[in-house]
Amino acid sequence: MASASLTVSLVSADQQVWSGEASMVVARTVEGEIGILVGHEPLLAILSSGEVRITLLDGTKVVAEADDGFLSVDNDIISIVARRAALV
């Protein structure tokens, strides 16, 4: 059964950049931009340099720039690991 939110963790090589609950995550992969909502199928994708946009449960948006890495989705848990990432 899917949860009511996504649990998101965005980390760079040297620090945790952001973590928390969200309703949607949008990131750029080598195959194009992808949006993740609650209930998304398991996924492992290679990130391209670009924005990671996280929509919080109250509609607020968190935006980070990330350079290369990967994104994994499993059971509404999203892990984004980037070589470099910072909030903008």
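Now for a quick tour of the structure. Predicted model only: the values in this text are computed from it and were never measured.

**A short note on unusual backbone geometry**
For step 1, the next point in the chain: Phi angles above zero are rare outside glycine, and asparagine 75 is one such case at about 50°.
For step 2, the next point in the chain: Inspection of the secondary structure assignment puts asparagine 75 in the loop between β6 (61-74) and β7 (77-87).
For step 3, the next point in the chain: On the basis of relative accessibility, which here comes to 65%, the residue asparagine 75 falls in the exposed class.

**Some words on the nonpolar core**
Soluble globular proteins tend to bury their nonpolar side chains together.
For step 1, the next point in the chain: Ranked by internal contacts, the top residues of the largest apolar core, which has 23 residues, are Val8, Val25, Ile54, Ile78 and Ile80.
For step 2, the next point in the chain: Elements represented by at least two residues in this core include exactly β1 (6-11), β2 (16-22), β3 (24-29), β4 (32-37), β5 (43-55), β6 and β7.
For step 3, the next point in the chain: With five residues, the top contributor of residues to this core is β6.
For step 4, the next point in the chain: Beyond its immediate chain neighbours, meaning those up to four positions away, valine 25 contacts Leu6, Val8, Ile34, Gly35, Ile36, Val52, Arg53, Ile54, Ile78 and Ile80.

What counts, and where the lines are drawn
- Residues numbered from 1 in each chain as written.
- Predicted model: local features only at pLDDT ≥ 70, side-chain atom pairs only at ≥ 80, totals over all residues.
- Heavy atoms only, no water.
- Helix = DSSP H or I, 4+ residues; strand = E, 2+ residues; numbered from the N terminus.
- Buried < 20%, exposed > 50% of the residue type's maximum accessible area, 1.4 Å probe, protein only.
- Core = buried A, V, L, I, M, F, W, Y, C linked by side-chain atoms within 4.5 Å.
- Contact = heavy atoms within 4.5 Å.

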